[in-house]
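# Coordinate analysis (summary)
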Amino acid sequence: MAKPIEYRFCTGPWNFSEGRDPYGPETRAAESFDWKLAALKKLGFDAMMFHDDDAVPDLENKSATEVLKEAKSLRKRLKSEGIAAEMVAPRLWFAPQTIDGAYTNNDKKLRRYAIDRSKQAIDIANELDTDLLVLWLAREGSYIRESKNARRCVDYLVEACDAMLAHDPNIRLAIEPKPNEPMDVAYIPTIGHALALAQLTHDPKRVGTLIESAHAILAGLDPADEIDFAMAFDKLWSLHLNDQNGLKFDQDKPFGSANLRVAFNQVRALERNGYGRRGEFVGFDVHPFRTTRPEHLLKHLDNSRRTFLRLVEKARSFPEKSAQALIADRNYQDLDQLVLEHLMGK
Ligand code: XUL
Ligand code: MN
């Protein structure tokens, strides 16, 4: 039997958020990057995830040389702290150029901006010693269907991916699907869409996925099935575990907080497919509640990891033989209860 995986964990600087929502301002002061890095170490996490402008703040107002110089010094800093950079993601949803979409903007000049910025994000990833570029396609979709030609937008997405793959022969793209928010309807809502898009690029082997639990739930899917599907193609390269209570705004709750059984099944799927064996990290894309006091600012991350590790124990101690006997007898009634009692500690 293969040795059990020792999971390694990561999170992003944006996961120490300040509590702002559309109806009210921040409830906590912003912490510095140094504070966040120290927090990661205190938590015992192994890596940090970066948007391009998390790695190099204000990068739009810096020259290409300055950007790379700053990325280089960040790499040294991370190295001296023993923290790896897990990925870099171009933040293509803030800039005025991406108001009407990034890679799928109707304006050619603005599509070019999105591609150029993504190439720069790849250069930053190289400086940070990671070969993973994450693409959350935030504004690739429509509010008003007639405003875009969805067929052409697929071509634009392929063109953009091809430009990134050509920019660096070693870069791997991990597409993070989400069905809505900020868009009404996104073009790449599920893992199936991401993998199909990968096939249209000139190097499908280097285009994979990142699954976020909440995004799968928002698509009406079970994140465990999304994990199994992606891993059947060897294409789950990164992970944003969190939780989501049904179909509403993206909640980014602590892992397992809304539905422990759904969380358990994600862990089972990761275990059965050997997630982590090739160095993949378990990421938590969780946010503190708006009510969280500053002194409790590490809890959502620490708690997510605690729940994850407890569920790893539950997955490894699952009474597989009894379950198989019930499955053979088509006694799913008792299989259902077996799962509940196992989770409740019996
Ligand atoms: C948005 C989301 C992002 C990405 C990183 O819903 O999940 O935080 O994970 O760009
Ligand atoms: Mn995410």
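One can find the structure itself at the top, above this paragraph.
Right, let's walk through the structure included here. Everything numeric here is computed off the predicted structure, so don't read it as measured data. Note on numbering: residues in each chain are counted from 1, in written sequence order. Chain labels run from A onward and ligand labels from 1 onward, assigned in the order the entries are written. Where totals are concerned, whole chains, interfaces and linings use all residues; where local detail is concerned, this predicted model gives features only for residues with pLDDT of at least 70, and gives and counts side-chain atom pairs only at 80 or more. The basis for every side-chain value is the complete set of non-hydrogen atoms in the structure, without hydrogens or water.

### As for the coordination of the manganese ion (ligand 2)
- In this structure, Glu176 (OE), Glu212 (OE), His240 (ND1) and Asp285 (OD) serve as the protein donors to the manganese ion (ligand 2), at separations of 2.0 to 2.2 Å.
- Metal donors: N, O and S atoms at distances within 2.8 Å, or within 3.2 Å for Na, K and Ca, with water omitted from the atom set so that some sites may seem incomplete. Binding-site remark: the manganese ion (ligand 2) is held by donors from one chain whose sequence spacing is E-x35-E-x27-H-x44-D. Of this pair, glutamate 176 sits in strand S6 (residues 172-176) while glutamate 212 is found in strand S8 (residues 207-212), placing the two residues 36 residues apart along the sequence.
- Note on classification: 1.4 Å probe, protein chains only; a residue is buried when its accessible area is under 20% of the maximum for its type, exposed when over 50%, partly exposed between these limits. Residue glutamate 212 is classed as buried on the basis of its relative accessible area, which comes to 2%. What counts as a helix is a DSSP run of H or I of at least four residues, what counts as a strand is a run of E of at least two, and both are numbered from the N terminus.

### Some points on unusual backbone geometry
- A cis amide bond, omega 10°, links glutamate 181 with the succeeding residue proline 182.
- The residue proline 182 is located in the loop between S6 and strand S7 (185-186) in this model.
- One non-glycine residue, arginine 330, adopts positive backbone phi at about 50°.
- Tracing the backbone shows arginine 330 in the loop between helix H11 (320-328) and helix H12 (332-344).
- For arginine 330, a relative accessible area of 69% corresponds to the exposed category.

### Notes on the pattern of salt bridges
- Put simply, a salt bridge is a Lys or Arg side-chain nitrogen that is within 4 Å of an Asp or Glu carboxyl oxygen. The final tally for this structure, using the stated rule, is 27 salt bridges.
- Put simply, lysine 72 and glutamate 127 hold a salt bridge, and the shortest N to O gap is 3.5 Å. Here lysine 72 is found in helix H3 (residues 64-81), whereas its partner glutamate 127 is found in helix H4 (residues 108-127), with 55 residues between them in sequence.
- Residue classification places lysine 72 among the partly exposed residues on the basis of a relative accessible area of 47%.
- Take glutamate 127: its relative accessible area is 15%, and that puts it in the buried class.
- Residues arginine 316 and glutamate 271 are paired through a salt bridge, measuring 2.8 Å at the closest nitrogen-oxygen approach. With arginine 316 in helix H10 (residues 299-316) and glutamate 271 in helix H9 (residues 260-273), this pair connects stretches of sequence that are 45 residues apart.
- A relative accessible area of 42% means that arginine 316 is categorised as partly exposed.

### Quick look at helix H6 (residues 191-200)
- Here H6 has its buried residues at Ile191, Ala194, Leu195, Leu197 and Ala198. Considered in projection along H6, the buried side chains sweep an arc of 155° and stay on one side of the axis. Seen from the buried face of H6, the exposed residues on the opposite side, beyond 90 degrees, are Gln199 and Leu200.
- Residues of H6 that are buried sit in contact with helix H5 (150-167), S6, S8 and helix H8 (223-232). Think of the arc as the fan of directions from the helix axis to the C-beta atoms. When checking whether two residues touch, look at their non-hydrogen atoms; a contact exists if any pair is within 4.5 Å.

### So, the nonpolar core
- Counting 87 residues, the largest nonpolar core has Tyr103, Phe284 and Phe308 as the members making the most contacts within it.
- A per-element tally of this core places H5 first, with eight residues.
- If sequence neighbours within four positions are ignored, phenylalanine 284 has contacts with Phe9, Cys10, Thr11, Asn15, Phe45, Met49, Leu241, Phe255, Leu301, Ser304, Arg305 and Phe308.
- The definition of a nonpolar core used throughout is a set of buried Ala, Val, Leu, Ile, Met, Phe, Trp, Tyr and Cys residues joined through side-chain atoms within 4.5 Å. Ranked by size, the runner-up nonpolar core spans twelve residues in total, among them Cys10, Trp14, Met49 and Ala174.

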